[in-house]
Structure formats: C-alpha cells, structure tokens
Amino acid sequence: MRVLGVDPGLTRCGVGVVEGVAGRPLTMVGVGVVRTPPDAELGHRLVAVEQGIEQWLDEHRPEFVAVERVFSQHNVQTVMGTAQASAVAMLCAARRGIPVALHTPSEVKAAVTGSGRADKAQVGAMVTRLLRLSAPPKPADAADALALAICHIWRAPAQNRLQQAVALHAANATKGRTA
C-alpha cells in the first residue's frame, strides 16, 4: 500500500509518501513541504497548494491519501488556513478517484508513538526510527505528513473490516425489513 500523508497548512503543507503493509517494515518513498508566501493573496496560495499536491500525486501515484483532520484551535485564522489546505488535498485526491482518510492529530500520535499526547519531537523521533532514516525530516510538517501515512497504513485494515461489517449489517437490516 502506498499512502500520501498530508499535514495541511497554507504556509507549509507537509507531504510524505510511505509504502508498506501493517506488520512489516515501512519505506519512505518521498518527503517534503509545499510552501506558499504568507503575504500572497489567499486564492493564489490555494492554487499553489493544489499544484504542489498534484505534483506529488503525479510523481508518486499513491493508492490512498491520509489528511490530518482539522480540529478546533484558539486561533481562528490558523484553523481556517488549515481547513482550506485540507480541502484542497481532499479535492485533488477525489478528482483522481483516490480514497481519502482523515486522522486526528491525537490518533496519529498514538499510532506512531503510543501516546496521543506526544510532542512534535517524539513524533519526529519515532518516524525516523520506524522508517529507518538517518535524521528526522525537517521541518516538523514533513515528519507529521509521514506520521499520517504510517498511521493510515497501520489502521486501514481494521477500518476496512469495520466498514465492511457496518455495510453488511445495514444490508441485512434492509433485507429483513423488505422480506
């Protein structure tokens, strides 16, 4: 499974591609950051994020895209920019028919470090260890993108089984009402 992780942001949008399956060693395929100038007009920044994500999708051909779920913060401006960049990443994937999964920051931290309250340094250290890298990816947005991809690879099998069970239950419930 090849996953593009996206840590959304308008100034720095972390992107990282990880390949592998749960229970086996994972491989980093690529990592980076899509940057936009903070003083540029919002529309131009969103187009730049789109172009950057599209380049990563073209180059790495992921089977899934894992995006950090936007959560409420005290700074509304930061939340808005994060949500807008997140929507751009989801749109780029959906346009190509690539499934998108959203993971909360605490879910990603727990998957990668064992603690949903881990700090950025702990996440970077575990990403470095799990992917057998010589140093943590910089900036932290890049490491976070890799952590999102790792989280998705590890959690996707369980999520797929759960979705299948829910669908089967719904189908059986519908059959029971129509019989």
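The rules behind these values
Residues numbered from 1 in each chain as written. Predicted model: local features only at pLDDT ≥ 70, side-chain atom pairs only at ≥ 80, totals over all residues. Heavy atoms only, no water. UniProt positions renumbered as here; feature names shortened; annotations may be inferred. Helix = DSSP H or I, 4+ residues; strand = E, 2+ residues; numbered from the N terminus. Rg over C-alpha atoms; globule rule 2.2 N^0.38 Å. Contact = heavy atoms within 4.5 Å. Lys, Arg positive; Asp, Glu negative; His and termini not counted. Charge placed at Lys NZ, Arg CZ, Asp CG, Glu CD. Axes fitted to C-alpha atoms, helices over the stretch in contact; angles between N-to-C directions. Parallel < 35°, antiparallel > 145°, perpendicular 65-115°, else oblique. Left-handed = near helix turned anticlockwise from the far one by under 90°. Nonpolar A, V, L, I, M, F, W, Y, C, P; charged D, E, K, R; others polar.

The protein chain is annotated in an unreviewed UniProt entry as Crossover junction endodeoxyribonuclease RuvC from Streptomyces fuscichromogenes. Looking at the protein chain in UniProt, the text filed under Subunit (unreviewed entry) is "Homodimer which binds Holliday junction (HJ) DNA. The HJ becomes 2-fold symmetrical on binding to RuvC with unstacked arms; it has a different conformation from HJ DNA in complex with RuvA. In the full resolvosome a probable DNA-RuvA(4)-RuvB(12)-RuvC(2) complex forms which resolves the HJ."

Enquirer: Summarise the overall build of the protein chain; cite the residues concerned and give the values.
Expert: Looking only at helices and strands, one finds 5 helices and 5 strands in the protein chain. N-terminal to C-terminal, the α/β element order of the protein chain is β-β-β-α-β-α-β-α-α-α. In summary, the protein chain has a C-alpha radius of gyration of 17 Å against a globular reference of 16 Å for 179 residues, a match within 12%. In terms of principal-axis extent, the alpha carbons of the protein chain reach across some 60 × 40 × 35 Å. Residue pairs at least 24 apart in sequence account for 63% of intrachain contacts in the protein chain once pairs closer than 6 positions are excluded. In the protein chain, 19 positive and 14 negative side-chain charges are present, and the distance between their average locations comes to 9 Å.

Enquirer: Explain the packing of helix α1 (residues 42-60) against helix α2 (residues 76-95) to me, and be specific about the residues and the numbers.
Expert: Contact pair α1 / α2: the axes reach a minimum separation of 9 Å and the direction vectors enclose 40°. Judged on the interaxial angle alone, α2 and α1 are oblique. In terms of crossing hand, the pair formed by α1 and α2 is right-handed. Every residue of α2 that contacts α1 at L42, L46, V49, E50, I53, E54 and L57 is listed here: Q84, A85, V88, A89, C92, A93 and R95. Here the residues of the contact of α1 with α2 sort into 10 nonpolar, 1 polar and 3 charged.

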